[in-house]
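Here is how the chains run, residue by residue.
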Amino acid sequence: MMPIFMVAKNEFSMLLRNPIVTIFGVLMMVFASVYAMGGSVTFPRFQIGDHDFVFFYVGIGNFYWMLSMFFAFFSMCIGISSIADERSNHTFSVLFTKPLYRRDVLAGKFLGIGIFMLFALVLVFSLLTSFIIIVFGGPSSLAELVLRMGTFAFVLYLSCIFTLGLVMLLGIIFNKAEALVISLAYISFEWLTPTGLIPQSLGDLQIISPMILFVFASCRPGNDLLMTTLPYDIWLANALPFIVLLLAEVVIVTLINCMLFTREAV
Amino acid sequence: MSNTLMVAKKEFLDLLNSRLIVLILAWYVIVFVLLFYELVSTDQLMNVDNPVKELFIRYLYTLCYYGSLVAVVLGFSSMSSEISGKALNTLLAKPLYRDTIIRGKMIAAVGFIAIIFFVISLLYVLGILLFIGSPLVKLNAFLSVLPLAFMLYLLCMIFYYVVSMLALIVIREQSLALFMGFLFWILLFYFIPNEIFTGSIDYFFGERIGRFVGGMSHLTMLNQMFGYMDIQGVLVEKGFEVMKMALYCFIGIILVHIAFLRRDVS
């Protein structure tokens, strides 16, 4: 097996045993249950649109932002524990005595966490969607559900992977406490600021923000993935530039990480 | 000088000498600049009846919402470097009571928090002098609300500082402790007051339970006090909310004492 995949496999199995993941899973379970209980009362009361519209736009759309924020936060915590924690614990020193290239270590970690994030996203999305189906009934087309939810999960996944890459980068450049403050500043400015300070201040340059790219790609007014009246192919044509840009940002941050990690004395 | 004050002095100097203070101050300055830029550029202060009140709400929000995130980092960094660097073991070998160490750390944190409060308040005073018309009247009005701001800020900061510290004492794994500290912040500032969560409880279990759960959040407590401009008014009208915040701090401090006295920190 290639070294990069061995590191990825090790990282993945370490994450499975990580208590953070368990706690996050419990939190998601509580959120999904409470949301479904509330939904069982509120969803049938909606008089706007047909059943599919309420299912996607209200049922899924309501948890869109909170779930995205939770996953951004989750990515940050995993990223910190992956690089900054291992640097401060000197675990890397042990790893570097092995016959491995440094870039393989970093790329392997990134790959392992990336696959894990995808796994977690699919699981949480399936859980929430199943709960909504149980309390409100599913949409008329299963293919539409899988397509739209799969795309939503993929765009959110790209956004999470960017956050992960950025936090890893900060873990390479700074010590743990400093990386922590800056990562936290990033998460709070991007996801937790109710007034959206950064985008407003940046004007047209807001497009460089990965969170804005994620929002523009998934649920931009007029091109909303969860609006069933909008055909999927039209949504995709409009959202593709933002998705490509988000992907490009992920690639750039990963390359910078590999470059810095290869050169830096750990 | 008593042992508590000696520990406090050492802790305070450590905080002032670390690069963390530069990052924390930079964090507050960025938040201040963005908020003030938004206020001034959109003429929000000119179009309201009471601009000082509007400014005070923003100021208090900056202090408590973003400040409590800083408190999580402070609590974490105050223990993590000493646990991983084994400095705490050396300190525990000295003829000191364990609670002396905790008290010393808390006194230092309060001093540090007070300095941050002073710097942020100074920034706002400068902002008023530079950007808002007839500054002296408004400046006096703003200065008169500072004691209330300090009280609420301190109650928020101490709680999150203590929670973060407690997590690190109880949980040996540092990344998990950090995750728990942030999770508490997200739960109490973001998750619980969110309409999706509290609204769902409201609809399913009834309004009383929904209000009770929502009332556990710091953001809900602060929101109820935002309309008041003096300590007496808040204590008379919203004394219960202040008591709740004080109770959170008290419970946190007691728990951190118990945990530190009983837990093996090596």
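The structure displayed is predicted, hence computed values, not measured ones.

K.L.:
Help me understand the overall build of chain B, please; the structure alone is not making it clear to me.
P.N.:
On a plain count of helices and strands, chain B comes out with 12 helices and 0 strands. What you see in chain B, going N to C, is helices and strands ordered as α-α-α-α-α-α-α-α-α-α-α-α. Over its C-alpha atoms chain B spans a radius of gyration of 20 Å, differing by no more than 12% from the 18 Å that the globule rule assigns to 266 residues. For chain B, the residues scored as buried account for 55% of the 266 residues in total.

K.L.:
Mind showing me how you'd approach the overall build of chain A here?
P.N.:
Looking only at helices and strands, chain A has 10 helices and 1 strand in total. Mapped in sequence order, the helices and strands of chain A form the string α-α-α-α-α-α-α-α-α-β-α. Relative to the compact-globule value of 18 Å for 266 residues, chain A shows a C-alpha radius of gyration of 20 Å, a close match. Out of the 266 residues belonging to chain A, those deemed buried represent 55%. Put simply, of all contacts in chain A between residues at least 6 apart along the chain, 80% involve residues at least 24 apart. As presented, chain A carries roughly 11000 Å² of accessible surface, and 72% of it is formed by carbon and sulfur atoms. The distance from the centre of the 12 positive side-chain charges to the centre of the 14 negative ones in chain A is 12 Å.

K.L.:
Would you mind going over the packing of aromatic side chains with me for this structure?
P.N.:
Geometrically, a pair of aromatic rings is defined through the distance of the ring centres and the angle of the planes. The tally for this structure, following the rule as stated, stands at 39 aromatic pairs over all chains. Where Tyr-61 of chain B meets Tyr-66 of chain B, the ring centres are 6.4 Å apart and the plane angle is 85 degrees; that geometry is what we call edge-to-face. Residue classification places Tyr-66 of chain B among the buried positions, given a relative accessible area of 1%. Ring pairing ties together the aromatic residues Phe-31, Tyr-35, Phe-43, Phe-63, Phe-70 and Phe-136 of chain A together with Phe-191 and Phe-197 of chain B, which thus form one cluster. When the ring centre of Tyr-101 of chain A is taken as origin, the NZ or CZ atom of Arg-103 of chain A, which lies over that ring, is 4.8 Å away. Over the ring of Phe-216 of chain A we find Arg-220 of chain A, and its NZ or CZ is 4.6 Å from the ring centre.

K.L.:
Explain the pattern of salt bridges here, please?
P.N.:
All names here are of chain B. Enumeration according to the criterion identifies 7 salt bridges over all chains in this entry. A salt bridge links Asp-99 to Arg-103; its shortest N-O distance comes to 3.6 Å. A residue pair is termed a helical-turn pair when its members lie 3 or 4 positions apart in one helix, as Asp-99 and Arg-103 do in helix H5 (residues 98-131) at 4 residues. Under the relative-accessibility criterion, Asp-99 is labelled partly exposed at 22%. Arg-103 sits in the partly exposed class, given a relative accessible area of 37%.

K.L.:
When you look at the environment of Phe-240 of chain B in this model, what are you seeing that I'm missing?
P.N.:
Within the element layout of this structure, Phe-240 of chain B appears in helix H12 (residues 231-262). Among the residues examined, Phe-240 of chain B registers a relative accessible area of 56% and is labelled exposed.

K.L.:
What is the right way to read the side chain of Glu-11 of chain A from this model?
P.N.:
Its location among the elements puts Glu-11 of chain A in helix H1 (residues 3-16). Residues contacting Glu-11 of chain A, with those up to four places away along its chain left out, are Ser-82, Glu-86, Lys-109, Gly-112 and Ile-113 of chain A.

K.L.:
Explain the packing of helix H9 (residues 210-219) of chain A against helix H10 (residues 232-263) of chain A here, please?
P.N.:
In a pair of packed helices, the angle between the axes and the distance between the axes together describe the arrangement. Residues and elements named next belong to chain A. Where H9 contacts H10, the two axes come as close as 8 Å, and the packing angle between them is 160 degrees. Looking at the two axes, H9 sits roughly antiparallel to H10. With respect to the hand of their crossing, H9 and H10 are arranged in left-handed fashion. Here Pro-210, Leu-213, Phe-214, Phe-216, Ala-217 and Ser-218 of H9 come into contact with H10, specifically with Trp-235, Ala-239, Phe-242, Ile-243, Leu-245, Leu-246 and Glu-249. Looking at the contact of H9 with H10 residue by residue, the classes come out as 11 nonpolar, 1 polar and 1 charged.

K.L.:
Just to check I follow, could you spell out the interface of chain B and chain A for this structure?
P.N.:
For interface size, the figure often reported is the accessible area lost on association. With 39 residues of chain B at the contact, the number on the chain A side is 46 residues. Both faces combined, the contact of chain B with chain A buries some 3900 Å², and carbon together with sulfur accounts for 82% of it. The tally of links from chain B across to chain A stands at 0 salt bridges. Here chain B is connected to chain A by 1 residue pair in polar contact (both at pLDDT 80 or more). If you list the elements that add at least two residues to the side of chain B that touches chain A, you get helix H2 (20-41), helix H3 (51-84), helix H8 (174-191) and helix H9 (195-205) of chain B. The element that contributes the greatest number of residues to the side of chain B that touches chain A is H8 of chain B, accounting for 13 residues. Split into classes, the residues belonging to the side of chain B that touches chain A amount to 31 nonpolar, 5 polar and 3 charged.

K.L.:
Help me understand the nonpolar core, please; the structure alone is not making it clear to me.
P.N.:
Phe-71 and Phe-74 of chain A together with Tyr-59 and Phe-182 of chain B are the most contacted members of the largest nonpolar core, which totals 197 residues. Sequence-distant contacts of Tyr-59 of chain B, defined by excluding residues within four places in its chain, comprise Phe-117, Ile-120, Ser-121, Tyr-124, Phe-142, Leu-146 and Ala-149 of chain B.

K.L.:
Help me out: how do you make sense of helix H7 (residues 146-170) of chain B in this one?
P.N.:
Residues that lie three or four places apart on an α-helix share one face, since the helix turns once every 3.6 residues. Compared with the 36 Å implied by 1.5 Å per residue over 25 residues, the 36 Å span of H7 of chain B between its first and last C-alpha is a close match. Of all 25 residues in H7 of chain B, 22 are buried; the element is thus mostly enclosed.

K.L.:
Got a minute to help me understand a nonpolar patch on the surface in this structure?
P.N.:
Residues and elements named next belong to chain B. Together, Val-40, Phe-118, Leu-122, Leu-126, Leu-129, Leu-130 and Phe-131 make up an exposed nonpolar region whose accessible area comes to about 690 Å². Counting residues per element, the nonpolar patch draws most heavily on H5, at 6 residues. Mapped onto the elements, Leu-129 comes out in helix H5.

K.L.:
Would you take a moment to explain the packing of helix H6 (residues 142-173) of chain A against H9 of chain A for this structure?
P.N.:
Residues and elements named next belong to chain A. Taken N-terminus to C-terminus, the directions of H6 and H9 make an angle of 175 degrees; their axes are 10 Å apart at the nearest point. In terms of axis orientation, H6 runs roughly antiparallel to H9. Here Phe-152, Val-155, Leu-156, Ser-159 and Phe-162 of H6 come into contact with H9, specifically with Pro-210, Phe-214, Ala-217 and Ser-218. Looking at the contact of H6 with H9 residue by residue, the class counts come to 7 nonpolar, 2 polar and no charged.

What counts as what
- Residues numbered from 1 in each chain as written.
- Chains lettered and ligands numbered in written order.
- Predicted model: local features only at pLDDT ≥ 70, side-chain atom pairs only at ≥ 80, totals over all residues.
- Heavy atoms only, no water.
- Helix = DSSP H or I, 4+ residues; strand = E, 2+ residues; numbered from the N terminus.
- Rg over C-alpha atoms; globule rule 2.2 N^0.38 Å.
- Buried < 20%, exposed > 50% of the residue type's maximum accessible area, 1.4 Å probe, protein only.
- Contact = heavy atoms within 4.5 Å.
- Areas by Shrake-Rupley, 256 points an atom, 1.4 Å probe, with all protein chains shown as cover.
- Lys, Arg positive; Asp, Glu negative; His and termini not counted.
- Charge placed at Lys NZ, Arg CZ, Asp CG, Glu CD.
- Phe/Tyr/Trp six-rings, centres within 6.5 Å; stacked < 30°, edge-to-face > 60°.
- Lys NZ or Arg CZ within 6 Å of the ring centre and 35° of its normal.
- Salt bridge = Lys/Arg side-chain N within 4 Å of Asp/Glu carboxyl O.
- Axes fitted to C-alpha atoms, helices over the stretch in contact; angles between N-to-C directions.
- Parallel < 35°, antiparallel > 145°, perpendicular 65-115°, else oblique.
- Left-handed = near helix turned anticlockwise from the far one by under 90°.
- Nonpolar A, V, L, I, M, F, W, Y, C, P; charged D, E, K, R; others polar.
- Buried area = accessible area lost by both parts, 1.4 Å probe.
- Polar contact = N/O pair within 3.5 Å; in protein donor to acceptor, adjacent residues only side chain to side chain.
- Core = buried A, V, L, I, M, F, W, Y, C linked by side-chain atoms within 4.5 Å.
- Expected span 1.5 Å × (residues − 1).
- Patch = residues over 30% accessible without salt bridge, like charges linked within 9 Å, V, L, I, M, F, W, Y side chains within 5 Å.

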